[in-house]
Amino acid sequence: MIEPENVPDSCPGPSSEGAGQMDGCAGCPNKQACSTGQFRTDTSPAEVLASLQCVRNKIVVLSGKGGVGKSTVTAQIARGLAALDLSVGVVDVDVCGPSLARILGVNGQSVHKSAAGWSPVYTLDDIAVMSIDFLLSSEEDAVIWRGAKKNGMIKDFLSSVDWGELDYLVIDTPPGTSDEHLAIVSLLKQAKITGTVLVTTPQEVSLGDVRKEINFCRKLRLPVIGLVENMARYECPKCRTVSEIFPATSGGAQALADSEGMPLICSIPVCPQVGQSGDNGVEGLDIPTEYGILVEQVIRFCDG
Amino acid sequence: SSGINAEYGIITVLSGKGGVGKSTTVAVLAGTLASSGLSVGVLDADLCGPSLSRMIGLKGSIHSCEQGWLPLSASVGKGRISAVSLSFLVENQDEAVIWRGPKKTAMIKQFLSDVCWGALDYLLIDTPPGTSDEHMTIMEAIPNCSVVLVTSPQAVAAADVLRQVTFCKKTNANVLGIIETMSGFVCPNCSDCGLLFGKGGGKRLAEYCNIEFLGYVPIDPNLSRLLDRGELFKNFQSSASIQSYTEITKKLIKP
């Protein structure tokens, strides 16, 4: 496939509506060609289907709200599945803020490309990982891309990685309901998303955003495994008093789950060891048992 | 007339990382400035997750005049806060805003050029996490924009904010400093200070990047409660986190 070369950072994408005619096309050598649709390609659900044909289950971790623990939850799901001897891959489509590689202890590594595609990076517990982290030359590199360019990378992650046979592919996402989320849904149209896990914290500010995400899932008919409430409470290690760090002013995740007719899978406490081990990229000790409940529920949903 | 006339400037609050307290920072900074008698505009550029309007307790529909949109506003202390948010333009607050980049860009451009703010002392801009359409649009529209960076103490957060520092350099932003939020939690029973998310990651980042460290803000469930209920400005009493933000505001205000 011929691709435009020397595209500016403001490129809206050769397949976008108005390609070659937008503000971001000014000065681009491909402007004329793009406006005639020379580089237009369809988003390729068929390519993704072919690439993921040996991937049994595809799980997407969503929120709507930032900082609720999507990447942490993704990592814990992956680790939990791997501990049961299942073959697991994870892909981080948060290209601006790719936390997953660090949490899984593989940040700063490189990927190489062969005829079969990019080889994912493997963690010590044999989880296959794909992230833009592996394509950046320094931890200071910023990915300053508009939506269309992000979509192109996400397509590559889903169609050009040599995943091999996997029982589970878990997809971490950025917060929101925008380009990345639409890209995943569109690209996995044929390969099919097996289930989504929605993550929230207890406060209404978070629930409000997650309500929007739930409506996004409904609108696009995505199967929902359930809701996870993270950072629900904190137990003081000294006096054992339990405090609500982000107080639930509107019934917390349970009320949201009830009103939306979906299960609240678990309510996970704040556990400083989880954050620390994520920062250090190691498997934590004393991980809340609630993550085990989450993994069981994911398996039950996918097998059922 | 429409367009921005902010006597002391426009400050954009960025992170790169989600959920570190960008909106909280904008809400409390706005409240602190307004309480002292200033007129503060707040612009919520987080179109998919516009939490700011809930936090500052403003809701309703935006109206237009001949020159453009009129922000919603409220008195706060001796001053005033005016705000624009996508939440004032949508009927159903639970409906997802499923917009691609170009549509988000167009809306933010309208927020920046078609709002009749009146005379402001400061305009504060809240942003979503990332370094994408929304952020590029703001930086293109406001040359040498002043920026405050927010991070939580964790390395995972600081890593995203380090990338944001690169974004600021590339867009010639004027970085005023870094705030470290969620920095410690004092147990209400025994006063033990738990470092739930660590401490010092933001300070170390500031030192590494040679950027001013503006201060630590502790975890404050009472603040979270007030923001959830939109009651921040009714109860702007001095809790530990508000006090921290007051000290930070003093560093940011031009003399």
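Above: the structure in question.
Below or above, wherever it landed, is the structure these notes cover. Since we're looking at a predicted model, the values are computed, not measured. (Residues numbered from 1 in each chain as written. Chains lettered and ligands numbered in written order. Predicted model: local features only at pLDDT ≥ 70, side-chain atom pairs only at ≥ 80, totals over all residues. Heavy atoms only, no water.)

**As for the overall build of chain A**
- Counting its secondary structure elements, chain A contains ten helices and twelve strands.
- By the compact-globule yardstick of 19 Å for 304 residues, chain A fits well, its C-alpha radius of gyration being 20 Å.
- Seen along its three principal axes, the alpha-carbon backbone of chain A occupies a region of about 70 × 40 × 40 Å.
- Taken over 304 residues, chain A has a buried fraction of 60%.
- Taken as a whole, chain A presents about 12,200 Å² of accessible surface, with 48% of it coming from carbon and sulfur. (Helix = DSSP H or I, 4+ residues; strand = E, 2+ residues; numbered from the N terminus. Rg over C-alpha atoms; globule rule 2.2 N^0.38 Å. Buried < 20%, exposed > 50% of the residue type's maximum accessible area, 1.4 Å probe, protein only. Areas by Shrake-Rupley, 256 points an atom, 1.4 Å probe, with all protein chains shown as cover.)

**A few points about the side chain of T173 of chain A**
Residue and element names in this part refer to chain A.
- Mapped onto the secondary structure, T173 falls in the loop between β7 (166-172) and α6 (179-187).
- A distance of 2.7 Å separates a polar side-chain atom of T173 from the backbone oxygen of V61.
- Apart from the residues within four sequence positions on either side, T173 is in contact with V60, V61, L62, K70, V93, D94, H181 and I184. (Polar contact = N/O pair within 3.5 Å; in protein donor to acceptor, adjacent residues only side chain to side chain. Contact = heavy atoms within 4.5 Å.)

**Let's talk about the sheet that holds strand β12 (residues 264-267) of chain A**
All names here are of chain A.
- Read across the sheet, eight strands follow the order β5-β6-β2-β7-β1-β8-β9-β12 without closing on themselves; strand pairing throughout is mixed. At either margin of the open sheet sits one strand with a lone partner, and together these are β5 (121-122) and β12.
- Of the strand pairs in this sheet, strand β8 (residues 195-200) and strand β9 (residues 224-229) are connected by five bridges, and their pairing is parallel. In the strand pairing of β9, T196 is matched with V224.
- The sheet strands contacting helix α5 (residues 147-159) are β2 (88-92), β6 (128-130) and β7, and the helix crosses β2 at an angle near 170°.
- Those strands touched by helix α8 (residues 252-260) are β8, β9 and β12, and its axis lies near 160° from that of β9. (Pairing = 2+ DSSP bridges. Axes fitted to C-alpha atoms, helices over the stretch in contact; angles between N-to-C directions.)

**A short note on the layout of surface pockets**
- Approximately 660 Å³ is the volume attributed to the second largest pocket.
- For the second largest pocket, the lining is made up of 30 residues, of which S53, R54, G57, L58 and K59 of chain B are closest to its centre.
- Looking at the lining of the second largest pocket, the elements with two or more residues in it are α7 (204-219) of chain A together with α2 (52-55), β6 (72-76) and α7 (221-229) of chain B.
- Sort the elements by how many residues they give to the lining of the second largest pocket and α7 of chain A lands first, with six residues.
- Looking at the lining of the second largest pocket residue by residue, the class counts come to nine nonpolar, eleven polar and ten charged. (1 Å grid on protein atoms, 1.4 Å probe; cavity = no way out; pocket = protein on both sides within 12 Å on 5 of 7 lines; lining within 4 Å. Points joined across faces, edges and corners; volume = space filled by probe spheres on them. Nonpolar A, V, L, I, M, F, W, Y, C, P; charged D, E, K, R; others polar.)

**Observations concerning the sheet that holds strand β14 (residues 213-216) of chain B**
Residues and elements named next belong to chain B.
- One open sheet accounts for eight strands, arranged β6-β7-β3-β9-β2-β10-β11-β14; its pairing is mixed. Sheet topology places β6 and β14 at the edges, where each strand pairs with a single neighbour. If you compare each strand with its neighbour and ignore which way they point, the axes differ by 20° on average.
- Where strand β3 (residues 39-44) lies against strand β7 (residues 79-84), five bridges are found, and the strand directions are parallel. Within β7, the residue paired with G41 across the bridge is S82.
- Together, β2 (10-14), β9 (122-126) and β10 (146-151) form the strand contacts of helix α4 (residues 133-141), whose direction differs from that of β2 by roughly 160°.
- Helix α5 (residues 155-170) contacts β2, β10 and β11 (174-180) of the sheet and is inclined by roughly 170° relative to β10.

**Section: empty space enclosed by the protein**
Residues and elements named next belong to chain A.
- In total, this model carries three cavities of 30 Å³ or more according to the counting rule given.
- Here the second largest cavity defines a volume of roughly 90 Å³.
- Taken together, 15 residues make up the lining of the second largest cavity; nearest its centre are C11, P12, C25, C28 and C34.
- Looking at the lining of the second largest cavity residue by residue, the classes come out as ten nonpolar, four polar and one charged.

**Side note on the packing of helix α1 (residues 22-35) of chain B against helix α8 (residues 240-252) of chain B**
Residues and elements named next belong to chain B.
- Closest axis-to-axis distance for the α1/α8 pair is 10 Å, and the angle between their directions is 70°. Classified by the angle between their axes, α1 and α8 sit roughly perpendicular to one another. Contact residues: T24, T25, V28, L29, T32 and L33 in α1; I242, Y245, T246, T249 and L252 in α8.
- When grouped by side-chain class, the residues that make up the contact of α1 with α8 number six nonpolar, five polar and no charged. (Parallel < 35°, antiparallel > 145°, perpendicular 65-115°, else oblique.)

**Concerning the interface of chain B and chain A**
- Facing the 59 residues of chain B at the interface are 58 residues of chain A.
- The contact between chain B and chain A buries some 4,800 Å² in all, and 58% of this surface belongs to carbon and sulfur atoms.
- Three residues stand out in chain B for area buried against chain A, namely I98, R163 and L196 of chain B, and they jointly supply 14% of the buried area on that side.
- For the pair chain B and chain A, the interface holds six salt bridges.
- Among the ionic pairs, R146 of chain A bridges to D133 of chain B, the shortest N-O distance being 3.6 Å. (Buried area = accessible area lost by both parts, 1.4 Å probe. Salt bridge = Lys/Arg side-chain N within 4 Å of Asp/Glu carboxyl O.)

**Section: the side chain of T151 of chain B**
- Mapped onto the secondary structure, T151 of chain B falls in strand β10.
- Once residues within four sequence positions are removed from consideration, T151 of chain B is found in contact with V20, A157, A158, V161, I178, I179, E180, T181 and G202 of chain B.

**Concerning the pattern of salt bridges**
Residue and element names in this part refer to chain A.
- One pass over the full model with this rule turns up 21 salt bridges over all chains.
- Put simply, R56 and D167 hold a salt bridge, and the shortest N to O gap is 3.2 Å. With R56 in strand β1 (residues 55-62) and D167 in strand β7, this residue pair connects regions lying 111 residues apart in the sequence.
- Looking at D167, the relative accessible area reads 18%, which means it is buried.
- The salt bridge involving R240 is made with E235; its shortest N-O contact spans 2.6 Å.
- With a relative accessible area of 54%, R240 lands in the exposed category.

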